[in-house]
Amino acid sequence: MKHSVGNIMWLFVLTTFLFGCGPGGSGVSMTNQEGTLRAELYLDNEGKPFYQLFHKDSMVLDTSYVGLVLKDIDLSKGLTLDKKQPAQEIVESYTMFHGKQKDISYHANRYVVTFSSESGLLLECHFDLSETGFAFRYKVLGEGGKSVQVVEESTSYGFPGNTVSWMQPMSKAKTGWSETNPSYEENYQMEIPVDKPSPLDEGYVYPALFHTGESWLLVSETNLHEDYCGTRLMYEEDKKGLAVTFPQPVEVFTGRELLPKGKLPFTTPWRIISVGDLDQIVESTLGTDLAAPAIDMDTTPVKGGLATWSWVLLKDDKIDYETSHQFIDYAASMNWPYTLIDVNWDQKIGYDRMQELVDYAASKNVKVILWYNSSGDWNSTEYTPKSKLLTSKDRRKEFARLKEMGVGGLKIDFFGGDGQSMIAYYHGILKDAADFGLLINFHGATLPRGWHRTYPNLMTMESIKGEEFITFDQGNADLQPSHSALLPFTRNVYDPMDFTPMVLDSIPNIDRRTTTTFELALPILFTSGIQHIAEIPQGMAKMPEAVVHMLRQVPVQWDETKLLQGYPGKEVIMARRKGTEWYVVGINGEGTPKTWTIDLSFAENKSGTLFYDDGTKIPASKKIDDSLSEIQVEPYGGFVIRI
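The present account deals with the structure reproduced in this document. (Residues numbered from 1 in each chain as written. Predicted model: local features only at pLDDT ≥ 70, side-chain atom pairs only at ≥ 80, totals over all residues. Heavy atoms only, no water.)

**Topic: the nonpolar core**
One finds Tyr51, Tyr157, Trp345, Met354, Phe442, Met540 and Leu551 to be the most contacted residues of the largest nonpolar core, which totals 184 residues. Looking at this core element by element, the count peaks at eight residues for helix α8 (residues 420-435). Apart from residues lying up to four places away in sequence, methionine 540 is in contact with Tyr330, Met334, Trp336, Met502, Leu504, Glu535, Val548 and Leu551. In terms of nonpolar packing, the next biggest core, distinct from the first, is built from 16 residues, Trp596, Leu600, Ala603 and Ile624 among them. (Core = buried A, V, L, I, M, F, W, Y, C linked by side-chain atoms within 4.5 Å. Buried < 20%, exposed > 50% of the residue type's maximum accessible area, 1.4 Å probe, protein only. Helix = DSSP H or I, 4+ residues; strand = E, 2+ residues; numbered from the N terminus. Contact = heavy atoms within 4.5 Å.)

Laid out in structure tokens, this is it:
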């Protein structure tokens, strides 16, 4: 079938701008329809536009600047408020192929304000205020077709002094193993002041979580198109806030562009802020609401599900024909639709014998996903297949071969950062893969930023310090409980995350800190279009039949999601619905036992199965009904309820 965008409906209702006085004199007042979010936009005495944001009449962002600096033209100061359009009511509906909510509606007031400059160019600012979201983007207007380059944004976020944050440091480019940084794979800094310098001196990545007063905010960006670069946050004293900054100079496709470039009219990605109570942050869909609609492609091959994967626990030596055959059987026995075969398969197995494996997998209703190295010469990785995807011509040749073989998709690794040319590389791969019906998983990669709406064949991206790092180092294993309890509030709110979760038995040479039921909760707690499971057949064979039966049925496309309870890095209890079934999971990120009261009033039927820790290495289970009220949870423990 063809993916239709005909379900998108735009409704424009004229309302009126309100004018008020503030720090810069006359300003523009903007509100959402519910009256819970309000933004006040002003010009200071240097002609710099800035806004303040209020949630339920409490200031959550103080002086926060907007504007762009182009090559030779500054559109961040010396501006004049030229035009303000009446607000438009935006109503849009769309469907996602995987994630926390299938059918989504977006409803917002959109305000368009135009600033003029002495250069003759206009800076048009679009502001959206929805029930729990504030977003804005820029559009540069002038002589049509004229080329422009953005050298800097003056965008900043001025948080009140009582704000604390949860942020992941950006790494220095071309550091780490084989110079593969940055890959959004650092440990989060938790509950830190907004102005705390990043320990790696390169600022912080998205999404970044903030708590000020009684309100929570999650800051990110979406609709990152191929003419722009990815950005990050860095505290700047002159702005008294976190500024949007551009990538390091080496974060480029070799010899190509770092900075945004295009022709007029030129539009930037959306800067997005979810605002509200913590459950509203976690349940927000703002990251896909403002992403570009799906491209026109055949979505028949786009099916989510779980996958087996040998490499994470068995490493390079087990990428061979026999192990791959075993993991195909493992996937079939679990009713999982995919198996991933990782690095150097072209050398250790080869294309001819891989065809045998693909054919055998097809006989078992399993699709094979193959690993590829994205790299040109921006790092020193040697894993293969390498250098087969660098040009559209080369990758389309390879994609045609894979389609003919019957391969389901690719895991593509080791990208080189956030420069404009590297972002364009991601888009090029996704477009070409869509033409051949191939599913994509990016590793060693940037943040997706809503791309899984635009490209339905993008199933997941790593962009996190995931399970493989736990297998590398005891220090990472020690941090896993709090790290996992933070991700539903940060990295995994808007975008799919290939954490590759769940080791139920053991990790070679690592003392796992989490309980088995904590691990059992993760494939439900985390969202990913293809959920690559770390556990191997030998570990799964030790599990009770009730556990195996439940894992055979875990969805990746949910109809509804609810945060029932939680605090970033400490605990999280989440409920997800697929059809008439609910899955309720909780994990304890702290080293003390807890008693949780579980309210199942949202579910019509309250009978089901509870999986819990009983002090052994396998989850215990029992039937539950309306009488369930409290669950005892071990240190670094968890539970799963299937209703």
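Read on, since the account is not over.
**Thoughts on the pairing of strand β37 (residues 630-633)**
Of the two faces of β37, only the one carrying Ile631 and Val633 is buried; Glu630 and Gln632 on the other face are not. Pairing between strand β34 (residues 594-597) and β37: four bridges, direction antiparallel. Along β37, the bridge assignment pairs tryptophan 596 with isoleucine 631. (Pairing = 2+ DSSP bridges.)

**Comments concerning the packing of helix α6 (residues 350-363) against helix α7 (residues 392-405)**
One can describe the packing of α6 onto α7 by two numbers: an axis separation of 10 Å at closest approach and a directional angle of 45°. Judged by the inter-axis angle, α6 sits oblique to α7. Contact residues: Tyr351, Met354, Gln355, Val358 and Asp359 in α6; Glu398, Arg401 and Met405 in α7. A per-class count over the contact of α6 with α7 returns four nonpolar, one polar and three charged. (Axes fitted to C-alpha atoms, helices over the stretch in contact; angles between N-to-C directions. Parallel < 35°, antiparallel > 145°, perpendicular 65-115°, else oblique. Nonpolar A, V, L, I, M, F, W, Y, C, P; charged D, E, K, R; others polar.)

**As for the pattern of salt bridges**
Scanning the entire structure with this criterion turns up 29 salt bridges. In this structure, a network of salt bridges that share partners links the residues Glu153, Glu221, Arg271 and Arg449. (Salt bridge = Lys/Arg side-chain N within 4 Å of Asp/Glu carboxyl O.)

**A closer look at helix α11 (residues 474-486)**
Compared with the 18 Å implied by 1.5 Å per residue over 13 residues, the 19 Å span of α11 between its first and last C-alpha is a close match. Of all the bends in α11, the greatest, near 55°, is centred on glutamine 480, and the proline proline 481 appears no more than four residues after it. Along α11, the positions that sit buried rather than exposed are Asn476, Ala477, Gln480, Pro481, Ser482, His483, Ser484, Ala485 and Leu486. Capping the start of α11 is the job of one residue whose side-chain oxygen sits 2.9 Å from the backbone nitrogen of glycine 475: aspartate 473. (Expected span 1.5 Å × (residues − 1). Bend = angle between axes of the 7 residues up to and from the residue. Polar contact = N/O pair within 3.5 Å; in protein donor to acceptor, adjacent residues only side chain to side chain.)

**So, the sheet that holds strand β35 (residues 608-612)**
Pairing in this open sheet of six strands is antiparallel, and the strands run β31-β32-β33-β38-β35-β36 from one edge to the other. Among the strands making up the open sheet, the edge pair consists of β31 (560-567) and β36 (620-624). For this sheet the average axis-to-axis angle between neighbouring strands, irrespective of direction, equals 15°. Sheet analysis places β31 next to strand β32 (residues 571-578), joined by seven bridges and oriented antiparallel. Bridging across to β32, lysine 562 finds its partner in alanine 575. Those strands touched by α11 are β31, β32 and β33 (581-588), and its axis lies near 135° from that of β33. Packing of helix α12 (residues 516-525) onto the sheet brings it into contact with β32, β33, β35 and β38 (638-642), and relative to β33 it is tilted by some 130°.

Any functional reading would require information beyond the geometric quantities listed.
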